[in-house]
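Letter by letter, the chains look like this.
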2 protein chains.
Amino acid sequence: MELFANVKSSSKQIARLTSSRKNDLLKSIATNLDRFRKDILLANEKDVENARKLNLKSSLIDRLILNDKRIDAMINGVNDIINQDDPVGIVESGSIRPNGLKINKVRVPIGVIGIIYESRPNVTIDAAALCIKSGNAAILRGGKEASFSNIALGDIIKKSLVDIGLDENIVSVIIDPDRSIMDKMLRARGFIDLIIPRGGENLISYVVEHSLIPIVKHDKGVCHVYIDQFADKEMAISIALNSKVSRPGVCNAMETLLVHHAVAEEFLTDMVEIYHSNNVEMVGCERAQLYKYVKPADESDWSTEYLDLKVSIKIVDSISEAIDHINKYGSGHSDAIVTENYSNALIFLDSVDSAAVYVNASTRFTDGGEFGLGAEIGISTQKLHCRGPMGARDLTTTKYQIFGTGQIR
Amino acid sequence: MELFANVKSSSKQIARLTSSRKNDLLKSIATNLDRFRKDILLANEKDVENARKLNLKSSLIDRLILNDKRIDAMINGVNDIINQDDPVGIVESGSIRPNGLKINKVRVPIGVIGIIYESRPNVTIDAAALCIKSGNAAILRGGKEASFSNIALGDIIKKSLVDIGLDENIVSVIIDPDRSIMDKMLRARGFIDLIIPRGGENLISYVVEHSLIPIVKHDKGVCHVYIDQFADKEMAISIALNSKVSRPGVCNAMETLLVHHAVAEEFLTDMVEIYHSNNVEMVGCERAQLYKYVKPADESDWSTEYLDLKVSIKIVDSISEAIDHINKYGSGHSDAIVTENYSNALIFLDSVDSAAVYVNASTRFTDGGEFGLGAEIGISTQKLHCRGPMGARDLTTTKYQIFGTGQIR
């Protein structure tokens, strides 16, 4: 596609910009978001209207809606990214070799990033800002439900690029109602360097199966909290509650609560009441079903991301059973143990094969901001390239720059 | 496949071994390579005999052959890896967040690495040793030409694992004459975490097109040396000669020489004589064909990895033309400029989009050992995960370990 070639060519320009020029562009985007607020809201209304006509799920419509508060949040997000450090140019390591060669390993932009996402239009601005900060060109392919909103936001980004005197292809927002452009993106070897899919399981597995381009996937979060035999009861209740109810619709919310059988009675008797009074639906294993409100869970529950006020509960006989359960059914996102036992804490930290493993804290902290990395483009649940919250640094790669004085081998 | 499940299960054991236990295993492999030297040589003779019967290319047979010297080299390679630092457990970064959470980003093994390679049987030992050092289980799928050699080497590794009291599946050497097991490897999601293909273009592109598992590819090296208008002539000749002839069969050897037109006559008149006396075959663009011995190049020459005493020569009008040529036809491996001009050196370093970019040095230095990284499993020509020489560190990933005291969000 001609578009891909144009974006590829524009990537050379953004890659070489100084931090201050990139920040000028980001400031321009923030200003234009404010200035063209009404256009955004009008476009968004059309999307929301269409979504209502099509009887889409209310949670989807909620994610689709923009209002002044959400536009303010977008603007604040861009401003936060302006204030972050520029990852480009950082010398990761460097040394003088015995033969006198000076070898530096330097952070450089990846090139062209293709981002494939679903209904939330704010991702368009977040993703654009992070790609700009890290010196990358971007092809942003959002969900068809947000088409009008994305066109409006894409126009604002283009206008900002042109205002600053840059190639307007640096950020290209694509409208692709039938996945045909997405299919072309997944095969655009030589034009797109990295594909980031963000969304539901269907989208992710489609991209994994069809992409010829390296991907960093942001998969579901089937997160666990394990209440160890040696847990502090009060802390256990606080973490089990917070991990589930503070924001059930996000990927770092807990979906499965594992409880050591030795403390099950003492802990669960209270916990189920607290969940119940917080409107949390409960399903569980046979032993968990002995507690009030707990309905039977089936096999599929253990690997389900509810994204809702619902929890699956399993009683286990040992920490090993808890760890094996997590490694089998979890998604490698975020998992926590609550314990006062030193050895169990270390065993859990070392044996759970996830991006973020917690002792005595809520899984809800897995987030670029909370980790001090700045804004994130998502949480990588794969092991290659980057794992966990993916910030501007992870949108770069490295290159060896070697300064010689005529060395031969 | 049952084998994949067994290797996956064994990966937990190797991941948790201390450095000294892993080094014990490596020492045992080195000892057994020496002790069972005769068995290896006998097995290798069968492979070489078969290869001769099948009239395989002499370069392929040469790569296949093992002798005492090459077995010594394998043993030395293992000993070098013993002496390297263990990448597992390194804390890449860590801090205490404002809420008191202690967050560490720690290097951990990737899990199970699948390595797909061609005829050289020494790769079996190199790859096994690097995977062991980095705490990974390995599935090693070598070329069918080396089957008997690989069976013998695989037995030695298994014996060493058993001698040390470890799971014998930790390193599994696979014999796969018809690619059927390779096809299964490429689809073994949940069992193999990373596929590394090493070999010719056909193998690499087959793997890229069929793998559902993340890959780090070690592609061809179409490396360039650009003789700038401001090059020191003597240095230019020395680097252009060394990059081509010191070891033409490896990926960091130069394939294309680019020469600025302003110095072409002075430089090339001598250079072609030197190449000729070193038995280097020359093809070139129209202007280069004016020089002695230079035959016409066609379009395909510019992207060909000769791996032989052959060079393509192009005369360019500017440094930008040289850079554009490299970014268009190169493979992103290693490229060098020879210049005394400060600005041109910086422009080249920043604009050439390759894993290793040199000023005034031979491309032949791109190598884990020369870069001070220790042994390498290959040179990554992709941008994701790692780029350039891939050592033990790059066979690990990271994980966040978070120490809390009851924090909720």
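All of these numbers come straight from a predicted model, not from anything done at the bench. (Residues numbered from 1 in each chain as written. Chains lettered and ligands numbered in written order. Predicted model: local features only at pLDDT ≥ 70, side-chain atom pairs only at ≥ 80, totals over all residues. Heavy atoms only, no water.)

*Asks:* If you had to explain the side chain of D176(B) to someone new, which residues and values would you point to?
*Replies:* Residue and element names in this part refer to chain B. In this structure, D176 sits in the loop between β5 (171–174) and α8 (180–186). Reaching out from D176, the side chain makes a polar contact with the backbone nitrogen of R179 at a distance of 3.3 Å. Once residues within four sequence positions are removed from consideration, D176 is found in contact with R141, I181 and M182. (Helix = DSSP H or I, 4+ residues; strand = E, 2+ residues; numbered from the N terminus. Polar contact = N/O pair within 3.5 Å; in protein donor to acceptor, adjacent residues only side chain to side chain. Contact = heavy atoms within 4.5 Å.)

*Asks:* Quick one: what's the story with the domain arrangement of chain A, residue by residue and with numbers?
*Replies:* Many analyses report the size of an interface as the accessible area lost when the parts associate. Residues and elements named next belong to chain A. Domain boundaries assigned for chain A yield domain 1 (2–218 + 377–403) and domain 2 (223–365). The straight-line distance from the C-alpha centre of domain 1 to that of domain 2 is 34 Å. Counting residues at the interface gives six residues for domain 1 and seven residues for domain 2. The largest share of the area that domain 1 buries against domain 2 comes from I379, T381 and R387, three residues that together contribute 76% of it. (Domains from an automatic or database assignment. Buried area = accessible area lost by both parts, 1.4 Å probe.)

*Asks:* Lay out the relation of the copies chain A and chain B in plain terms, naming residues and giving numbers.
*Replies:* Superposing chain A onto chain B takes a rotation of 180° plus a shift of 0.0 Å along the axis, which leaves an RMSD of 0.0 Å. These values place the two chain copies in the arrangement generated by a two-fold rotation axis. Distance from the rotation axis, computed per C-alpha, reaches its smallest value in chain A at H385(A): 1.8 Å. A high fraction, 100%, of the interface residues of chain A reappear at the interface in chain B, so the copies pair face to face through one surface. (Least-squares fit on C-alpha atoms with pLDDT ≥ 70 in both.)

*Asks:* So what's going on with the sheet that holds strand β4 (residues 137–141) of chain A? Which residues, and what values?
*Replies:* Residues and elements named next belong to chain A. With parallel pairing, four strands are arranged side by side in an open sheet as β5-β4-β3-β6. Taken across any chain shown, the strands that pair with only one partner, and hence form the sheet edges, are β5 (171–174) and β6 (194–197). Here the average twist between neighbouring strands, direction ignored, is 15°. (Pairing = 2+ DSSP bridges. Axes fitted to C-alpha atoms, helices over the stretch in contact; angles between N-to-C directions.)

*Asks:* Residue-level account of the sheet that holds strand β9 (residues 281–284) of chain A, with values.
*Replies:* Here ten strands make up an open sheet; going across it, the order is β10(A)-β9(A)-β11(A)-β8(A)-β7(A)-β12(A)-β13(A)-β16(B)-β2(B)-β1(B) and the pairing mixed. Two strands in the sheet have a free side with no partner beyond their single neighbour: β10 (294–296) of chain A together with β1 (91–96) of chain B. Between one strand axis and the next, the sheet turns through 25° on average, direction left out of account. The pairing of strand β2 (residues 102–109) of chain B with strand β16 (residues 396–407) of chain B spans eight bridges and is classified as antiparallel. Bridge pairing in β16(B) places I103(B) opposite I402(B). Contacts from helix α11 (residues 261–277) of chain A reach β7 (223–227), β8 (254–260), β9, β10 and β11 (310–316) of chain A within the one sheet, and its direction differs from that of β8(A) by about 145°.

*Asks:* So what's going on with the environment of L25(B)? Residues and values would help.
*Replies:* All names here are of chain B. Relative to the elements of secondary structure, L25 occurs in helix α2 (residues 19–35). Residue class for L25 comes out buried when judged on its relative accessible area of 0%. Counting along the chain gives 137 residues from L25 to V162, while the straight-line C-alpha distance between them is 9.5 Å. Sequence-distant contacts of L25, defined by excluding residues within four places in its chain, comprise I132, S160, L161, I164 and L166. (Buried < 20%, exposed > 50% of the residue type's maximum accessible area, 1.4 Å probe, protein only.)

*Asks:* Could you give me a rundown of the pairing of strand β1 (residues 91–96) of chain A, with the residues and numbers involved?
*Replies:* All names here are of chain A. Taken together, the five bridges between β1 and strand β2 (residues 102–109) define a ladder with antiparallel strand orientation. Looking at β2, one finds that G94 is bridged to N104. Between β1 and β2, which pair antiparallel one after the other, the connecting turn spans five residues, and G100 there sits at a positive phi close to 95°.

*Asks:* Give me the pattern of salt bridges: which residues, what numbers.
*Replies:* Taken as a whole, this structure holds 40 salt bridges over all chains when the rule is applied. E209(B) serves as the salt-bridge partner of R189(A), at 3.0 Å between the closest nitrogen and oxygen. Of this pair, R189(A) sits in the loop between α8 (180–186) and β6 while E209(B) sits in helix α9 (residues 201–210), on two different chains. In this structure, the salt-bridge partner of D176(B) is R141(B), at a minimum N-O distance of 2.8 Å. (Salt bridge = Lys/Arg side-chain N within 4 Å of Asp/Glu carboxyl O.)

*Asks:* Provide a residue-level description of helix α3 (residues 37–53) of chain A, including the pertinent values.
*Replies:* Residues and elements named next belong to chain A. Taking 1.5 Å of rise per residue, the 17 residues of α3 would be expected to cover 24 Å, and the 24 Å separating its terminal C-alpha atoms lies within 8% of that figure. Inspection of α3 places R37, I40, A43, N44, D47, V48 and A51 among the buried residues, and these make up the whole buried set. Considered in projection along α3, the buried side chains sweep an arc of 145° and stay on one side of the axis. Those residues of α3 that are exposed and aimed more than 90 degrees away from the buried face are K38, L42, E45, R52 and K53. Against the buried residues of α3 lie α2 (19–35), α4 (58–64), α5 (68–83) and α7 (147–163). N55, located one to two residues past α3, shows a positive phi value of around 55°. (Expected span 1.5 Å × (residues − 1). Arc of directions from axis to C-beta.)

*Asks:* Account for the side chain of S147(A), with residues named and values stated.
*Replies:* Residues and elements named next belong to chain A. Along the chain, the position of S147 falls in helix α7. From its side chain, S147 meets the backbone oxygen of K144 in a polar contact 2.7 Å long. If we ignore the near neighbours within four places in the chain, the residues touching S147 are D47 and I175.

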